[in-house]
2 protein chains.
Amino acid sequence: MALQQAPAILLHTPQLGENIGAAARVMLNFGLTDLRLVSPRDGWPSASAEAMSAGALGSGVEVSVFATLEAAIADLTFAVATTARPRGMEKPVMDAVGALEALRGHDGRCGVLFGGEKSGLPNEAVALCDAILTYPVNPGFASLNLAQAVGVFCHQWGAGEGLGGRFAGKDEGVGAPASREDVIGLFEHFESELERAGYFYPPEKTPVMINNLRNALIRAQWTQQEVQTFRGAIKALSLGRGKARVKPEA
Amino acid sequence: MALQQAPAILLHTPQLGENIGAAARVMLNFGLTDLRLVSPRDGWPSASAEAMSAGALGSGVEVSVFATLEAAIADLTFAVATTARPRGMEKPVMDAVGALEALRGHDGRCGVLFGGEKSGLPNEAVALCDAILTYPVNPGFASLNLAQAVGVFCHQWGAGEGLGGRFAGKDEGVGAPASREDVIGLFEHFESELERAGYFYPPEKTPVMINNLRNALIRAQWTQQEVQTFRGAIKALSLGRGKARVKPEA
């Protein structure tokens, strides 16, 4: 998946510096850096935005301020408007995955537009966009916080860019998976100690009891290290209380 | 897709009431209602949480408070821990889509656990969970706001539940798509007026110019109403300045 320039995030007449800062923070969390403000109510710069951005403003996210939406979108070739309500307009309506695909299909500069806290985007702003992005919200409680709305899109963008290479699939575990030989060795050790302890009773139930134990244990898909850890635990138990003198684990 | 009970959201030692309230708001936005707080720093209830919840606390989201994580997860059968950093533990690591699938595959009560603002989940808390959820974050700026982290998961849950039936695919437009007959009628009207205006020059270029116009216009996939709107506009222009007496549009 080729990395492409991340879309601009445009906030149309945002009111609270806190939300602008929180939007900047979550943008940078997911690799977006072009934040455009259209006529922010309380002007710019904003101390509350700085504080909420956790450092994203000034070290990654570039903010530009515009008097009009027309100026803010002038260089874009494809723009998506976010809204939680129908506008009676002939436009394709997309969820986050669909919007991501549409944006990635455009080579030019793209943007995603979010409305202010009070009432979202005006219809005139939606009319200047190519598509509508809407989230699968609870119809009884549909109004997202502005920065949350930005965050949901930014996460989708980050997922599409294949970010998150910090760790994936599995945590950095303590070692390689145990072979069947290791696992069976553990089983036999466990069962021999249980046998010595008189656990298998009545004797004719022993095969069933063994299978039950093995099925429960094998589901955990232990590593080699974990097998050794449990063999140490079995040994300690089988020696009896206060008798364990096993070496500490590495 | 059958609706199932949404997972509980657990906040482990959260600090700021604002983040608890913002988490509650975005939970209800996407249909989640079971919020569990493990040892919130500033106690409970919280006026700042109430304010930030935009009404979600008290009208949808139920909060329960626990002294320990063990008590908070006691009734869960499957729990996912969120973290942006590897823990050296043998656990499956999932992205939001993977976690959603895993959660939907469990019939019992499930939960998703988020760490406090200061340092995320302690290893002891992660060790009590079945899987790790991590987001595709920018490695240089990986720390999400707590409520944003909750919001990203909640959006994924809402998408999986097929919420968002408010409108989908297309906005409620002004009518049915135009037939080719309508579109061709518009083209012929447009071109005949252009012909009368002397637009097609030199004459031998007329076919190429017509094809260029038609290709540009047809890409918009107009509705019947839009075709009528543009025929009105052509008529008005062709009558000359100040002469238009077309009926207002419905």
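Parameters and conventions
- Residues numbered from 1 in each chain as written.
- Chains lettered and ligands numbered in written order.
- Predicted model: local features only at pLDDT ≥ 70, side-chain atom pairs only at ≥ 80, totals over all residues.
- Heavy atoms only, no water.
- Least-squares fit on C-alpha atoms with pLDDT ≥ 70 in both.
- Contact = heavy atoms within 4.5 Å.
- Pairing = 2+ DSSP bridges.
- Helix = DSSP H or I, 4+ residues; strand = E, 2+ residues; numbered from the N terminus.
- Right-handed = clockwise from strand over helix to strand, strands pointing away.
- Salt bridge = Lys/Arg side-chain N within 4 Å of Asp/Glu carboxyl O.
- Buried < 20%, exposed > 50% of the residue type's maximum accessible area, 1.4 Å probe, protein only.
- Expected span 1.5 Å × (residues − 1).
- Axes fitted to C-alpha atoms, helices over the stretch in contact; angles between N-to-C directions.
- Parallel < 35°, antiparallel > 145°, perpendicular 65-115°, else oblique.
- Nonpolar A, V, L, I, M, F, W, Y, C, P; charged D, E, K, R; others polar.
- Buried area = accessible area lost by both parts, 1.4 Å probe.
- Domains from an automatic or database assignment.

J.: Looking at this model, I keep getting lost on the relation of the copies chain B and chain A. Mind explaining?
T.: Here the second copy of the chain follows from the first by a rotation about an axis and a shift along it. Mapping chain B onto chain A leaves a residual RMSD of 0.2 Å; the transformation is a rotation of 180° accompanied by 0.1 Å of translation along its axis. Expressed as an axis order, the relation between the two copies is that of a two-fold axis. A high fraction, 100%, of the interface residues of chain B reappear at the interface in chain A, so the copies pair face to face through one surface.

J.: Whenever I open this one, the pairing of strand β3 (residues 62–66) of chain B confuses me. Can you help?
T.: For a regular strand, side-chain orientation follows a simple rule: the groups alternate between the two sheet faces. Residues and elements named next belong to chain B. By the bridge criterion, five bridges tie strand β2 (residues 34–38) to β3 in an arrangement that is parallel. For Val38, the partnering residue across the bridge sits in β3 and is Phe66. Regarding topology, helix α2 (residues 47–52) serves as the crossover connection from β2 to the parallel β3, and that connection is right-handed.

J.: Sorry if this is basic, but what is going on with the pattern of salt bridges here?
T.: Between side chains of opposite charge, a pair can form as their charged atoms come close. Residue and element names in this part refer to chain A. Going through the model one piece at a time under the given rule, you end up with 12 salt bridges over all chains. Close ionic contact of Arg36 with Asp34 constitutes a salt bridge, the shortest N to O distance being 3.0 Å. For the salt bridge of Arg196 with Glu193, the shortest nitrogen-to-oxygen distance reads 3.3 Å. Separated by three residues within a single helix, Arg196 and Glu193 lie in helix α7 (residues 180–197), roughly one turn from each other. Classification of Arg196 by relative accessible area gives exposed; the value is 69%. Bridged by salt links that share partners, the residues Asp34, Arg36, Asp75 and Arg109 form one connected network.

J.: So what exactly am I meant to see when it comes to the pairing of strand β6 (residues 110–114) of chain A here?
T.: All names here are of chain A. With five of five residues buried, β6 lies mostly within the body of the structure. The alternating pattern of β6 places Cys110, Val112 and Phe114 on one face and Gly111 and Leu113 on the opposite face, and all of these are buried. Sheet topology note: the strand β1 (residues 8–12)/β6 ladder contains four bridges and is parallel. Residue pairing in the sheet places Ala8 in a bridge with Gly111 of β6. Sheet analysis places strand β4 (residues 78–82) next to β6, joined by four bridges and oriented parallel. Residue Phe78 lies in a different strand from β6, and its bridge partner there is Cys110.

J.: Please clarify how unusual backbone geometry should be interpreted in this entry.
T.: Both trends apply: most residues other than glycine have a negative phi, and most peptide bonds are in trans. Omega for the peptide link from Trp44 of chain B to Pro45 of chain B comes to 5°, which places this bond in the cis form. Its place among the elements puts Pro45 of chain B in the loop between β2 and α2. Residue Tyr201 of chain B is joined to Pro202 of chain B through a cis peptide bond whose omega torsion reads -5°. Even without being a glycine, Ser39 of chain A presents a positive backbone phi close to 50°. By the element assignment, Ser39 of chain A lies in the loop between β2 (34–38) and α2 (47–52). In this structure Ser39 of chain A comes out as partly exposed when scored by relative accessible area, which is 36%.

J.: Help me out: how do you make sense of helix α9 (residues 224–239) of chain A in this one?
T.: All names here are of chain A. The end-to-end C-alpha separation of α9 is 23 Å, in line with the 22 Å expected for 16 residues at 1.5 Å each. Here α9 has its buried residues at Glu226, Val227, Gly232 and Ile234. Next to the buried residues of α9 lie α7. Note on α9: the residue one or two positions beyond its end, Gly240, has a positive phi of about 100°.

J.: Can you walk me through the packing of helix α7 (residues 180–197) of chain B against helix α9 (residues 224–239) of chain B in this structure?
T.: To describe two helices that pack against each other, one gives the angle between their axes and the distance between the axes. All names here are of chain B. One way to put it is that α7 packs onto α9 with a least axis distance of 10 Å and a crossing angle of 10°. Judged by the angle between their axes, α7 and α9 are roughly parallel. Note on element contacts: α9 touches α7 through Gln224, Val227, Phe230, Arg231, Ile234, Lys235 and Ser238, opposite Asp182, Gly185, Leu186, His189, Phe190 and Glu193. For the contact of α7 with α9, a count of residues per class yields five nonpolar, four polar and four charged.

J.: Would you mind going over the interface of chain B and chain A with me for this structure?
T.: When the parts of a complex come together, some accessible area is lost, and that lost area is often taken as the interface size. Taken together, the contact between chain B and chain A spans 57 residues of the former and 57 residues of the latter. Taken over both partners, the interface formed by chain B and chain A buries close to 4600 Å², and the fraction arising from carbon and sulfur atoms is 57%. Counting across the chain B and chain A interface gives zero salt bridges. Of all the secondary-structure elements, those providing two or more residues to the side of chain B that touches chain A are α1 (17–29), β5 (92–94), α6 (146–160) and β8 (169–170) of chain B.

J.: I would appreciate a short explanation of the domain arrangement of chain A in the present structure.
T.: According to the domain assignment, chain A contains domain 1 (2–168) and domain 2 (180–240). Computed from C-alpha atoms alone, the centre-to-centre distance between domain 1 of chain A and domain 2 of chain A is 56 Å.

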